[in-house]
Amino acid sequence: MSNRQLDSLDKQILSMIAEDARMPFLEVARVCGVSGAAIHQRVQRLVNLGVVKGTQYVLDPEKLGYETCAYLGVYLSEPGRFDEITKEVEKIPEVVECHCITGRFDMFVKIYARSNHHLLNIIHDKLQPLGVVRTETIMSFKQTIQRQIPIPNPNTDK
């Protein structure tokens, strides 16, 4: 979808609900100076267009016992099976992201594990049997930035 299909009201709504998905539509409407029904219709249109992909609570993995965050560059024995392997990787609950990327890896995954030992078990027992030749692991000590992508402004963003 092109940014040109979003008007200034859409962008104002997106900015507000990206900051706080729990903000009531009536509050969004008050700030935007339109009716609650208008906000509801706009948000539903943005959902239908695929601009908004859902709402969710953001959980703190560490508070849930997942103390290890790792990014794995994954080498596959058969890179042509990427889609099939991705479907199997999706079944591993500790894998929270999987990317098809350029560069030396066939895929890049983000994993939360309870410990380094748990991470080793995920790699050895769950990933390797899928056709993983080897992995390169990058450990994250602390996430310092987490945010939504900015809403583009066609007048200033090129």
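Each chain carries its own residue numbering, running from 1 in the written order of its sequence. pLDDT decides what is reported in this predicted model: residues at 70 or higher carry local features, side-chain atom pairs at 80 or more are listed and counted, and totals for whole chains, interfaces and linings draw on all residues regardless. The basis for every side-chain value is the complete set of non-hydrogen atoms in the structure, without hydrogens or water.

Enquirer: For this particular structure, what's the right way to read the overall build of the protein?
Expert: Put simply, DSSP marks the helices as runs of H or I at least four residues long and the strands as runs of E at least two long, and each gets a number from the N terminus on. The helix and strand tally for the protein stands at five helices and four strands. Helices and strands in the protein line up, N terminus first, as α-α-α-β-α-β-β-α-β. C-alpha atoms define the radius of gyration in this analysis, and the globule rule sets the expected value at 2.2 Å times the number of residues to the power 0.38. Its C-alpha radius of gyration of 20 Å places the protein more than 25% over the 15 Å reference for a compact globule of 158 residues. In terms of principal-axis extent, the alpha carbons of the protein reach across some 55 × 35 × 25 Å. Of all 158 residues assigned to the protein, the portion counted as buried reaches 28%. Exposure classes here rest on a 1.4 Å probe applied to the protein chains alone. A residue is buried below 20% of its type maximum, exposed above 50%, and partly exposed in between.

Enquirer: Is there a simple way to explain helix H4 (residues 82-89) in this structure?
Expert: Because an α-helix packs 3.6 residues into every turn, residues spaced three or four apart end up facing the same way. Listing the buried residues of H4 in full gives Phe-82, Ile-85 and Val-89. Down the axis of H4, the sector holding all buried residues measures 70 degrees, keeping them to one side. Among the exposed residues of H4, those pointing more than 90 degrees away from its buried face are Asp-83 and Lys-87. For this analysis, residues touch if any pair of their heavy atoms sits within 4.5 Å. In this structure, the buried side of H4 is in contact with strand E1 (68-76), strand E2 (95-99), strand E3 (107-113) and helix H5 (116-127). By definition, the arc is the one covered by directions from the helix axis to the C-beta atoms.

Enquirer: Just to check I follow, could you spell out the side chain of Asp-10 for this structure?
Expert: One can find Asp-10 in helix H1 (residues 8-19). With residues near it in sequence (within four places) discarded, Asp-10 still touches Gln-5, Arg-42, Arg-45 and Leu-46.

Enquirer: How should the packing of helix H2 (residues 25-32) against helix H3 (residues 36-48) be read in this particular structure?
Expert: Helices that pack against each other are described as a pair by the angle of their axes relative to one another and the distance between those axes. Structural elements are reduced to axes, namely lines fitted to C-alpha atoms, with helices fitted over the stretch in contact, and the angle between N-to-C directions of any two is expressed from 0 to 180 degrees. At a minimum axis separation of 8 Å, H2 and H3 run at an interaxial angle of 105 degrees. Viewed along their axes, H2 and H3 adopt a mutual orientation that is roughly perpendicular. Contacts between H2 and H3 involve Phe-25, Leu-26, Val-28, Ala-29 and Cys-32 on the former and, on the latter, Gly-36, Ile-39, His-40 and Val-43. An angle counts as roughly parallel when it lies under 35 degrees, as roughly antiparallel when it exceeds 145, as roughly perpendicular when it falls between 65 and 115, and as oblique in every other case.

Enquirer: Honestly, the sheet that holds E3 in this entry has me stumped. Any pointers?
Expert: Two modes of strand pairing occur in sheets, parallel and antiparallel, and in both the strands are linked by backbone hydrogen bonds. Any two strands between which DSSP finds at least two bridges are classified as paired. Spatial strand order, E2-E3-E1-E4: four strands in an open sheet with antiparallel pairing. The open sheet is flanked by E2 and strand E4 (132-140), the only strands paired with a single partner. Strand-to-strand, the axes of this sheet are offset by a mean angle of 20 degrees, without reference to chain direction. Note: E1 against E4, eight bridges, orientation antiparallel. The partner of Ala-70 across the bridge, within E4, is Met-139. Against the sheet, H4 contacts E1, E2 and E3, and its axis sits at roughly 10 degrees relative to E3. The strands touched by H5 are E1, E3 and E4; relative to E3, the strand with the most contacts, the crossing angle is about 135 degrees.

Enquirer: Before we go on, may I ask you to explain the pattern of salt bridges in this structure?
Expert: If the charged atoms of two oppositely charged side chains come close together, the side chains can form a pair. Think of a salt bridge as a Lys or Arg side-chain nitrogen and an Asp or Glu carboxyl oxygen that are within 4 Å of each other. Applying the stated criterion across every chain yields a total of eleven salt bridges. Between Arg-42 and Asp-10 there is a salt bridge whose closest N-O contact spans 2.9 Å. One end of the pair, Arg-42, is in helix H3; the other, Asp-10, is in helix H1, with 32 residues separating them in the sequence. Under the relative-accessibility criterion, Arg-42 is labelled partly exposed at 23%. Here Lys-126 ties to Glu-94 by a salt bridge, and the two come within 3.3 Å at their closest N and O atoms. Pair noted here: Lys-126 is in helix H5 and Glu-94 is in the loop between H4 and E2, with a separation of 32 residues, a long-range link. Residue class for Glu-94 comes out buried when judged on its relative accessible area of 9%. Connected through shared salt-bridge partners, Asp-7, Asp-10, Arg-42 and Arg-45 make up one network.

The values reported here are purely geometric and, on their own, carry no functional implication.
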